[in-house]
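Results of the structural survey
Residues per chain, in single letters:
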Amino acid sequence: MLESLWVVLDMHFHGFLRATGVTLQLTFVSLVLAVVIGLIFAFLKLSRNPVANLLSHAYIGIVRGTPLIVLLMFLYFGISSIVVLSSFWAGSFALAIHAGAYVAEIFRGAIQSIDHGQHEAARSLGMARRTSMRLIILPQAFRRAIPPLGNQFIIGLKDSSLVAFLGVSELYSSAMTAAAANFRPFETYLIAGLYYLVLVLIFTVLVNQLEIKLSPDRRTAT
Amino acid sequence: MNVIETRNLHKHFDELHVLKGIDTAIAEGEVVVVIGPSGSGKSTFLRCLNFLEIPDEGSEILLDGEPIDPARDNLDKVRERMGMVFQHFHLFPHKNVLDNITIAPENVKGVPRKQAKAAARELLEKVGLPDKEKAWPSQLSGGQKQRVAIARALAMDPEIMLFDEVTSALDPELVAEVLQVMQDLAAGGMTMVVVTHEMGFAREVADRVVMMDDGLIIEEGTPDRIFSEPAEERTQAFLGQVLHA
């Protein structure tokens, strides 16, 4: 069995590597968009404007209440009479819209978790609301958001496998094709799983590094 | 010349009537210590002075003789002229000590970085922490944090300093170093309003002691007068409790 594992790995190593590149592109593009979307909707949800509030609640409610695969199919096939998106972009947008809702909640929670005294101290120094948010609240909130954000990014990386159903040749799609051709689904999916696992592990290390880098006062955190 | 003056200052929090008409004036260079039982409205009074709490309609607050209208005036500009120090310090944990002090002058007043840093170092010297500029707030003791907070407020070059129970969260052995800085500040001519339970400080440093209870100033006078012959029964009762505690 170990031998056949090597054979399959040998056969698909480069193909899977190329597919991994596509997976990473999907993940990267969608997560950058998700952070932008998430930040916007976090602010909308925190806003005192009732319309902005409603909008944010509706978006988060709808996305959390529907499966990602439905959103993927909807963006690729469902709206093709209005906009035709390439499979890559339909996939990226769907992943971004999906993750954006969770990222919005992460940011909202992180912003709200910052002690109100921080804001008051900033205001008492003459900072405008905006300045206080930019210089005092957000930097602290970002740092606090990193662990749950990292978690969400890992979910996003794995969710990108669903884009296989739009025909994008990312890692999972390559695994499906390979397994169908080599009749070795056990080895093939095992290897695909390992590829994902390695990606997630690398990513976890990077997130940890980022957290340390953004916490210069970490030595005696209170 | 009065730096700040309040007329008929009222404040409600929903149904709760916290301030019930405060009329007072604080002259330039004056050190006013506000005492009173908890819940008497001392902190709310202080927070209304710099509009961290917006007073009820009809209340008047005058800064340098100019009435401030919270609906119309830019309160950020008003707050620039008043320094505030809080019970729980509220230093910015993501900034080191020097940047805690320079962040407002640089970003609110547009003071060049170099100049802001030089001023901050001077202030650190003044509060006795010249060697802490690179430290993080989390590395400081409570007394050091509070001294940095005072320096941070002073960096905006305020006309008046507001102190809200600034020693209440400190370990007893750290109280003196903070009071010393405040005393130096008073000696330097700073106009100060100090809410505190430190009666020794009130006695030594205050020009005037204001006794609040139930949202009103019930008595005020020189520390000598208030502490040795309080006129009001409630003042007597309060002082009896805190001085013999």
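To keep things clear, this report deals only with the structure shown in the data block. If you're wondering where the values come from, they're calculated on a predicted model, not measured in any experiment.

Some remarks on the layout of surface pockets
Residue and element names in this part refer to chain A. In this model, the largest pocket occupies a volume close to 800 Å³. Around the largest pocket, the lining comprises 19 residues; the ones closest to its centre are Leu46, Ile111, His119, Arg129 and Met133. Contributing elements (two or more residues each) for the lining of the largest pocket: helix H1 (2-46), helix H4 (87-113), helix H5 (116-124) and helix H6 (129-159). Looking at which element gives the most residues to the lining of the largest pocket, the answer is H6, with six residues. Among the residues forming the lining of the largest pocket, the class breakdown is eight nonpolar, four polar and seven charged.

A closer look at the side chain of Thr191 of chain B
Residue and element names in this part refer to chain B. You can see Thr191 is positioned in strand S8 (residues 191-195). Judged by its relative accessible area of 2%, Thr191 is buried. Within polar-contact distance, the side chain of Thr191 engages the backbone nitrogen of Gly29 at 2.7 Å. For Thr191, the residues in contact, after removing those within four places along its chain, are Val3, Ile26, Ala27, Glu28, Gly29, Glu30, Glu159, Ile160 and Met161.

So, the nonpolar core
Counting 55 residues, the largest nonpolar core has Ile136 of chain A together with Ile4, Val34, Phe45, Ile160, Leu162 and Val193 of chain B as the members making the most contacts within it. It is H6 of chain A that contributes the most residues to this core, eight residues altogether. If sequence neighbours within four positions are ignored, Val193 of chain B has contacts with Ile26, Val32, Val34, Phe45, Leu46, Leu49, Ile160, Met161, Leu162 and Phe163 of chain B.

As for the environment of Asn96 of chain B
Residues and elements named next belong to chain B. Mapped onto the fold, Asn96 is located in the loop between strand S6 (82-85) and helix H3 (97-109). Distance in space between the C-alpha atoms of Asn96 and Asn8 is 41 Å, their sequence separation being 88 residues. Contacts of Asn96, omitting those with residues within four sequence positions, involve Glu133, Lys134, Ala135, Trp136 and Pro137. A distance of 3.2 Å separates the side chain of Asn96 from the backbone nitrogen of Leu98, its partner in a polar contact. In terms of polar contacts, Asn96 uses its side chain to reach the backbone amide nitrogen of Asp99, at 2.9 Å.

Describing the side chain of His10 of chain B
Assignment of secondary structure puts His10 of chain B in strand S1 (residues 2-13). Excluding anything up to four places from it in sequence, His10 of chain B contacts His17, Leu19, Lys20, Gly21, Pro55, Asp56 and Ser59 of chain B.

Topic: helix H7 (residues 171-182) of chain A
Residues and elements named next belong to chain A. Helix length check: H7 (twelve residues) gives 16 Å between terminal C-alpha atoms against 16 Å at 1.5 Å per residue, within 8%. Among all positions in H7, only Leu171, Ser173, Ser174, Ala175, Ala178, Ala179 and Asn182 are buried. Turning to H7, the residues buried within the fold contact H1 and helix H8 (185-213). N-cap assignment for H7: the residue whose side-chain oxygen lies 3.2 Å from the backbone N of Tyr172 is Glu170.

Some thoughts on the pattern of salt bridges
All names here are of chain B. Under the defined criterion, the tally for this structure stands at 24 salt bridges over all chains. Of the charged contacts in the structure, one is a salt bridge between Arg7 and Glu5, with a shortest N-O distance of 3.3 Å. With its nearest N and O atoms 2.7 Å apart, the salt bridge here joins Arg81 to Asp64. With Arg81 in the loop between helix H2 (75-80) and S6 and Asp64 in the loop between strand S4 (60-63) and strand S5 (66-67), the pair connects residues that are 17 residues apart, well separated along the chain. Here Asp64 falls in the partly exposed class, since its relative accessible area comes to 25%.

Considerations on empty space enclosed by the protein
All names here are of chain B. Under the counting rule described, the total for this entry stands at one cavity of 30 Å³ or more. Of the pockets and cavities examined, the largest cavity occupies roughly 40 Å³. Along its surface, the largest cavity is lined by Thr24, Ile26, Val32, Val34, Phe45, Val210, Met212 and Ile217. Elements with a contribution of two residues or more to the lining of the largest cavity: strand S2 (16-27), strand S3 (31-35) and strand S9 (208-213).

What counts and how
- Residues numbered from 1 in each chain as written.
- Chains lettered and ligands numbered in written order.
- Predicted model: local features only at pLDDT ≥ 70, side-chain atom pairs only at ≥ 80, totals over all residues.
- Heavy atoms only, no water.
- 1 Å grid on protein atoms, 1.4 Å probe; cavity = no way out; pocket = protein on both sides within 12 Å on 5 of 7 lines; lining within 4 Å.
- Points joined across faces, edges and corners; volume = space filled by probe spheres on them.
- Helix = DSSP H or I, 4+ residues; strand = E, 2+ residues; numbered from the N terminus.
- Nonpolar A, V, L, I, M, F, W, Y, C, P; charged D, E, K, R; others polar.
- Buried < 20%, exposed > 50% of the residue type's maximum accessible area, 1.4 Å probe, protein only.
- Polar contact = N/O pair within 3.5 Å; in protein donor to acceptor, adjacent residues only side chain to side chain.
- Contact = heavy atoms within 4.5 Å.
- Core = buried A, V, L, I, M, F, W, Y, C linked by side-chain atoms within 4.5 Å.
- Expected span 1.5 Å × (residues − 1).
- Salt bridge = Lys/Arg side-chain N within 4 Å of Asp/Glu carboxyl O.

Shape is all these values report; function is a separate question.
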